[in-house]
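Take a look at the letters that make up each chain.
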Amino acid sequence: DATERLQRKLSDFLVAAEPGLPLVRADRTRLAQILDALVQCGGPAKTVLSARRAGEFVALGVAHPDLPVAEGARLFDPLAANGKDGATRVRLALARALATLSGGELTVTAGEVTGTVFTLTLPAATRGEGLARPRVRPLTDA
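Residues numbered from 1 in each chain as written. Predicted model: local features only at pLDDT ≥ 70, side-chain atom pairs only at ≥ 80, totals over all residues. Heavy atoms only, no water.

Enquirer: Mind showing me how you'd approach the overall build of the chain here?
Expert: Summing up its helical and strand segments, the chain has 4 helices and 5 strands in all. For the chain, the α and β elements follow one another from N to C terminus as α-β-α-β-β-α-α-β-β. Per-residue burial over the chain gives 36% buried out of 142 residues. Here the analysis covers contacts within the chain between residues at least 6 apart in sequence; of these, 65% occur between residues at least 24 apart. (Helix = DSSP H or I, 4+ residues; strand = E, 2+ residues; numbered from the N terminus. Buried < 20%, exposed > 50% of the residue type's maximum accessible area, 1.4 Å probe, protein only. Contact = heavy atoms within 4.5 Å.)

Dropping the structure here:
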């Protein structure tokens with residue numbers, strides 16, 4: 001679904017996740033918006049999606065090996081001045097706000113070898129809690 005939405009080939013993504021990873025306490029729509037913004041900002045090179053335990057949290061990583069960390073940090077800064085990538089900075093600022101609303105955090109760091117890594121850290125759902133569901137307001141006649 002993500003590859004179709006982003007109009008990217010399946011081979012553009014590498015996915016690595018720990019086995020038995022717990023559920024994440026965030027509604028699917030919000031999580032999809034955050035990950036969509038993180039994947040889009042990396043360009044056409046292979047994007048590595050990963051997930052790991054981080055105590056009572058789950059850390060979801062989106063690594064862009066060909067995006068220099070200085071460029072990734074500049075894109076992540078909502079006050080950086082550059083008219084060409086203003087929409088990307090707005091999407092990343094929205095992703096950061098959505099992460100905070102979900103009780104998590106969004107950070108940008110240098111990759112282990114090269115490039116930029118955006119890490120979304122969200123609380124893990126406790127047993128029996130399941131995923132948070134988005135609130136749906138009933139439609140009313142105007």
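Enquirer: I keep staring at the pairing of strand β4 (residues 105-110) and nothing clicks. Help me out?
Expert: Regular strands place side chains that alternate from one sheet face to the opposite one. Here β4 runs beside strand β5 (residues 116-123); their pairing, made up of 6 bridges, is antiparallel. Paired with Thr109 across the strands is Val117, a residue of β5. What sits between the antiparallel neighbours β4 and β5 is a turn of 5 residues, in which Gly115 has the positive phi angle 85°. (Pairing = 2+ DSSP bridges.)

Enquirer: Even after reading the chapter, I still don't get the environment of Pro78, so can you show me in this structure?
Expert: Within the secondary structure, Pro78 sits in the loop between α3 (69-76) and α4 (86-101). The sequence separation of Pro78 and Ala93 amounts to 15 residues, and the corresponding C-alpha distance is 6.3 Å. When sequence neighbours within four positions are dropped, the list of residues in contact with Pro78 reads Arg89, Ala93 and Arg96.

Enquirer: Hey, could you run me through α4 in this one?
Expert: Residues spaced three or four apart along an α-helix face the same direction, because each turn holds 3.6 residues. The end-to-end C-alpha distance of α4 is 23 Å, a good match for the 22 Å that 16 residues give at a rise of 1.5 Å each. For α4, the elements touching its buried residues are α2 (28-40), α3, β4 and β5. Remark: Gly103 follows α4 within two positions and exhibits a positive phi of approximately 85°. (Expected span 1.5 Å × (residues − 1).)

Enquirer: For this particular structure, what's the right way to read the packing of α2 against α4?
Expert: The relative placement of two packed helices comes down to the angle between their axes together with the axis-to-axis distance. Closest axis-to-axis distance for the α2/α4 pair is 9 Å, and the angle between their directions is 145°. Along this stretch, α2 crosses α4, giving a crossing that reads as left-handed. Mapping the contact onto sequence places Arg30, Gln33, Ile34, Ala37, Leu38 and Gln40 in α2 and Arg91, Leu92, Ala95, Leu98, Ala99 and Leu101 in α4. When the residues that make up the contact of α2 with α4 are grouped by side-chain class, the tally is 8 nonpolar, 2 polar and 2 charged. (Axes fitted to C-alpha atoms, helices over the stretch in contact; angles between N-to-C directions. Left-handed = near helix turned anticlockwise from the far one by under 90°. Nonpolar A, V, L, I, M, F, W, Y, C, P; charged D, E, K, R; others polar.)

Enquirer: Could you clarify how one ought to interpret the pairing of β5 in this entry?
Expert: Burial within β5 is extensive, with 7 of its 8 residues counted as buried. Bridge analysis of strand β3 (residues 57-64) against β5 gives 8 bridges, and the strand direction is antiparallel. The partner of Leu60 across the bridge, within β5, is Leu120.

Enquirer: Help me out: how do you make sense of the sheet that holds β5 in this one?
Expert: By way of backbone hydrogen bonds, the strands of a sheet pair with one another, either parallel or antiparallel. Taking strand neighbours across the sheet as the criterion, the 5 strands line up as β1-β2-β3-β5-β4 in an open arrangement whose pairing is mixed. Each edge of the open sheet carries a strand with a single partner, namely β1 (13-17) and β4. The average undirected angle you get between the axes of adjacent strands in this sheet is 20°. Pairing of strand β2 (residues 47-54) with β3 involves 7 bridges; the strand directions are antiparallel. Its bridge partner lying in β3, Ala51 is registered against Leu60. Against the sheet, α2 makes contact with β1, β2, β3, β4 and β5, and its axis sits at roughly 30° relative to β3, the strand it touches most. Of the strands in this sheet, β4 and β5 touch α3, which is tilted by about 155° from β4.

Shape is all these values report; function is a separate question.
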